[in-house]
There are 2 protein chains.
Amino acid sequence: MRQAGRSLPEYRRLKEDHSILDLCRKPDLATEVTLQPVRRLGVDAAILFSDIVVPLMGLGIEVDIVPGVGPVFADPLRGKGDVDRIRQLDAEADVPFVLETIRQLVTELEVPLIGFSGAPFTLACYLIEGGPSKDHARTKALMYSDPSTWSDLMMRLAEMILAYTRAQVAAGARAIQLFDSWIGVVGRDDFEAHVKPAVAHILDGLQDLDVPRIYFGLAAGELLSSFGSLGADVIGIDWRIPLDEARERIGSDVAVQGNLDPATCLASTAVLDARAQEVLRRGGGTGHVFNLGHGVLPQTDPAVLSHLVELVHDWNGDG
Amino acid sequence: MRQAGRSLPEYRRLKEDHSILDLCRKPDLATEVTLQPVRRLGVDAAILFSDIVVPLMGLGIEVDIVPGVGPVFADPLRGKGDVDRIRQLDAEADVPFVLETIRQLVTELEVPLIGFSGAPFTLACYLIEGGPSKDHARTKALMYSDPSTWSDLMMRLAEMILAYTRAQVAAGARAIQLFDSWIGVVGRDDFEAHVKPAVAHILDGLQDLDVPRIYFGLAAGELLSSFGSLGADVIGIDWRIPLDEARERIGSDVAVQGNLDPATCLASTAVLDARAQEVLRRGGGTGHVFNLGHGVLPQTDPAVLSHLVELVHDWNGDG
């Protein structure tokens, strides 16, 4: 359960003294924060605590995470002349703290660790908009107007992400998830033409490592028919579409991950149980990794998450 | 083109001296702001300048529009005990300035005026979240946990919106558009069970007035198959899905409105022209109202909008 930490008092205490980027940069703290939800909730895998801007920061790009706002870049990327800021990442030199965190984690964890990175489109949105955006209009305007600069940017980001995630696997991560949080603002033809090649390049470049490759796009129902041929082993699905329908739309034999609405964790236990069972039923038992359709909401009661983990573990297909 | 005013220097000058709610409340100013894009762009219809919180403000609910943030409610609605704040609206007494604006406008306009209101789900989101929200989790938690309170709230909002939009038509509006900006966070089963009855109640209640009823849901591709039976005459489509596919999914003979991505207005003229022609072609010529798939972006050059209006007017089906 991604971002489960946000709901835990032990994480909030750490947040009082440390910024998010501080927590990411200090292996002891990042290890502790990654372990907190695993200890408390009994989940079947851990997901690395980090932030999607970390590899960009590793390239020397100036970025701050402003509380209540999100990542803010001092000098947004605005066109052709700025693209060469995205150079190849040397993970051991540029983000040693991430790899050190992973190496610490794998000695302590009894469950597999999932590494992660933002996907190229979503990182491009942050770089180009420079801060939060509802419409990602500058990003799309560049994509529409200057396809060659756009493609150069996407492939540079793809190479960076590939180096970043390969290094995570080398350090001990046992699966890689790519998060494409903003991909839902792109139409299908544009995804095919302007985004898919970069995502496929990363997934293809991870193939020889033999770890599950998970791709998650938020609000991406319109794009599912393009996701089956991305080269992912698992497609993450948000809560907007039932898993059996998602499978049909994807149209290949990749597994699905999801897709309980995080807001159900704020509802009554009866509602939560019924909806979780519905997800399990429509997931079909095999080729389905149960999780939430998006990150845990900060106001979630951790006891509810523990209950949910038990429910999933106890499910025997007739709930 | 909704929110076209935001891109105009004459609107920005007015905004220097007046808040948005000020502009809404003063008929001379609201009239002027509604007329500005019509004068400059040569569009075929005007859309009333107002804000979706106006009828709620008319009920005496305390709300402010904070620049850069959006509507903020001093005392969010949190459960059963708060629902009776949504009483029936007496438009002539509660929001006389809206009706006065419409009456002024219809004496000055040579094109039809489209009245509008927020739809029940989106207004509920604002009331319950109290401010901007990415996940609308409190709203969904209420919907999931307490369906009877939720249904009471939705039907109260529907009655309020019906009174509000009927009064707009009586004052001279020649079409009504309902905006459901946040409906894209709801799954299809929940839309059918918890939202559709209220929207259908409004659309049905407008039927005898014999004006086109337009319903627009942002990021609502997953819900289109439910929209065909809402009772709308026109379904607004954002840019995420081509109009011919949208029509198929809607599956009835309602007209469609849309759906050029507003970000294309920031791209080169060649890209804009090609994409606008693609929208016209996939719209199919009849049963299609051309507009943008969402509001005009503030950074849009007004000359580009004028060019776009000309392009649409000159289109002869072979572009």
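Cut-off values and rules
Residues numbered from 1 in each chain as written. Chains lettered and ligands numbered in written order. Predicted model: local features only at pLDDT ≥ 70, side-chain atom pairs only at ≥ 80, totals over all residues. Heavy atoms only, no water. Axes fitted to C-alpha atoms, helices over the stretch in contact; angles between N-to-C directions. Helix = DSSP H or I, 4+ residues; strand = E, 2+ residues; numbered from the N terminus. Parallel < 35°, antiparallel > 145°, perpendicular 65-115°, else oblique. Left-handed = near helix turned anticlockwise from the far one by under 90°. Contact = heavy atoms within 4.5 Å. Buried area = accessible area lost by both parts, 1.4 Å probe. Salt bridge = Lys/Arg side-chain N within 4 Å of Asp/Glu carboxyl O. Expected span 1.5 Å × (residues − 1). Bend = angle between axes of the 7 residues up to and from the residue. Buried < 20%, exposed > 50% of the residue type's maximum accessible area, 1.4 Å probe, protein only. Pairing = 2+ DSSP bridges.

Draft legend 1. Quick peek at the packing of helix H6 (residues 96–108) of chain B against helix H9 (residues 147–171) of chain B. Residues and elements named next belong to chain B. It is at 8 Å that the axes of H6 and H9 come closest, and there the two elements cross at 30°. Judged by the inter-axis angle, H6 sits roughly parallel to H9. In the crossing of H6 with H9, the sense of the turn from one axis to the other is right-handed. On H9, the residues touching Val-98, Leu-99, Ile-102, Arg-103 and Val-106 of H6 are Tyr-164, Ala-167, Gln-168 and Ala-171.

Draft legend 2. Examining the interface of chain B and chain A more closely. Every contact between the two is made by 30 residues of chain B and, on the other side, 30 residues of chain A. Summing the contributions of chain B and of chain A, the shared interface buries around 2,600 Å²; its carbon and sulfur component is 46%. Three residues, Tyr-144, Glu-222 and Arg-240 of chain B, lead the burial of chain B against chain A; their summed loss comes to 24% of the area buried on that side. Counting every contact that joins chain B to chain A gives ten salt bridges. A salt bridge links Glu-245 of chain B to Arg-188 of chain A; the nearest nitrogen and oxygen atoms lie 2.9 Å apart.

Draft legend 3. Layout of helix H3 (residues 27–41) of chain A. Residues and elements named next belong to chain A. In this model H3 runs 22 Å from its N-terminal to its C-terminal C-alpha over 15 residues, within 8% of the 21 Å that 1.5 Å per residue would give. Of all the bends in H3, the greatest, near 30°, is centred on Leu-35, and the proline Pro-37 appears no more than four residues after it. Regarding H3, the residues found buried are Pro-27, Leu-29, Ala-30, Thr-31, Val-33, Thr-34, Leu-35, Gln-36, Pro-37, Val-38 and Leu-41. Structurally, H3 contributes buried residues whose contacts are with helix H1 (9–17), helix H2 (20–25), strand S1 (46–47), helix H6 (96–108), strand S4 (113–118) and helix H14 (302–314). Taken from the residues just after H3, Gly-42 is the one with a positive phi, measuring 70°.

Draft legend 4. Examining the pairing of strand S6 (residues 213–217) of chain B more closely. Residue and element names in this part refer to chain B. Among the five residues that make up S6, five are buried, leaving the element largely enclosed by the rest of the structure. Covered by surrounding structure in S6 are Arg-213, Tyr-215 and Gly-217 together with Ile-214 and Phe-216, the residues of both alternating faces. Here strand S5 (residues 175–180) runs beside S6; their pairing, made up of five bridges, is parallel. Within the sheet, the bridge partner assigned to Ile-176 lies in S6 and is Arg-213. Bridge count between S6 and strand S7 (residues 234–236): three bridges; the pairing is parallel.

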